[in-house]
Amino acid sequence: GGCRHRCCPGRNNACWALGARRARCYCDSYCERTGDCCQDYHAACRRAAVGCTVGPWGPWSSCSSPCGVGSKDRSRQVTVPPRHGGEPCPDLKQRRGCLGDDPACGAAK
């Protein structure tokens, strides 16, 4: 058994093999935290690991509400997806609150 051709990113309980004494061991990147990696995990999986790379944040959108409380969004794209148990991607979207300040708001009051 072992991790050869069986490396998985993140936490994946289906990503296992039979290790020493026919005990189940894991080939997902989470096994490093739980300490239940197969003996060949580092050689088979980490050597080939490629972590996620993301591009820069795009601009914030305009406020969803022209007058009063609303929200703005921005996003970024994955430029290199994670492979072979590499670091997963960080958040690709952000949202924050805003106050719409359209000049017509004052006229409506």
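Rules and cut-offs
- Residues numbered from 1 in each chain as written.
- Predicted model: local features only at pLDDT ≥ 70, side-chain atom pairs only at ≥ 80, totals over all residues.
- Heavy atoms only, no water.
- Phe/Tyr/Trp six-rings, centres within 6.5 Å; stacked < 30°, edge-to-face > 60°.
- Lys NZ or Arg CZ within 6 Å of the ring centre and 35° of its normal.
- Salt bridge = Lys/Arg side-chain N within 4 Å of Asp/Glu carboxyl O.
- Helix = DSSP H or I, 4+ residues; strand = E, 2+ residues; numbered from the N terminus.
- Buried < 20%, exposed > 50% of the residue type's maximum accessible area, 1.4 Å probe, protein only.
- Domains from an automatic or database assignment.
- Disulfide = S-S within 2.5 Å.

Naming follows an unreviewed UniProt entry, where the chain appears as SBSPO protein of Chauna torquata.

Participant: So what about the packing of aromatic side chains? Which residues, and what values?
Facilitator: We describe a pair of aromatic rings using the distance from one ring centre to the other and the angle between the two ring planes. In this structure the tally under the stated criterion is zero aromatic pairs. One cation-aromatic arrangement involves Arg 24 over Trp 16; the distance from NZ or CZ to the ring centre is 3.8 Å. One residue, Arg 96, lies across the ring of Trp 60, its end atom 4.2 Å from the ring centre.

Participant: Account for the pattern of salt bridges, with residues named and values stated.
Facilitator: Tallying each qualifying case throughout the model produces one salt bridge. A salt bridge links Asp 73 to Arg 95, with the nearest nitrogen and oxygen atoms 2.8 Å apart. In this pair, Asp 73 is assigned in strand β4 (residues 67–75) and Arg 95 in strand β6 (residues 93–101), connecting sequence segments 22 residues apart. Owing to a relative accessible area of 62%, Arg 95 belongs among the exposed residues under this scheme.

Participant: Provide a residue-level description of the domain arrangement of the chain, including the pertinent values.
Facilitator: By domain assignment, the chain separates into domain 1 (1–48) and domain 2 (53–101). Computed over C-alpha atoms, the centres of domain 1 and domain 2 are 33 Å apart.

Participant: Help me get a handle on the state of the cysteines, residues and values and all.
Facilitator: Should the sulfur atoms of two cysteines be covalently bonded, the bond is a disulfide. By the definition in use, this model includes seven disulfides. Put simply, Cys 3 and Cys 27 are joined by a disulfide, and their sulfur atoms are 2.1 Å apart. Because the sign of the S-S torsion sets the handedness, a value of about -90° for the bond joining Cys 3 and Cys 27 places this disulfide among the left-handed ones. You can see Cys 3 sitting in the segment before β1 (16–18) and its partner Cys 27 sitting in the loop between β2 (24–26) and α1 (31–34), a full 24 residues away along the chain. Both residues of the pair, Cys 3 and Cys 27, belong to the buried class. Note on cysteine connectivity: Cys 25 is disulfide-linked to Cys 38, with sulfurs 1.9 Å apart. Since a negative S-S torsion denotes a left-handed disulfide, the Cys 25-Cys 38 link at about 90° is right-handed. Of this pair, Cys 25 sits in strand β2 while Cys 38 sits in the loop between α1 and α2 (41–46), and the two are 13 residues apart along the sequence.

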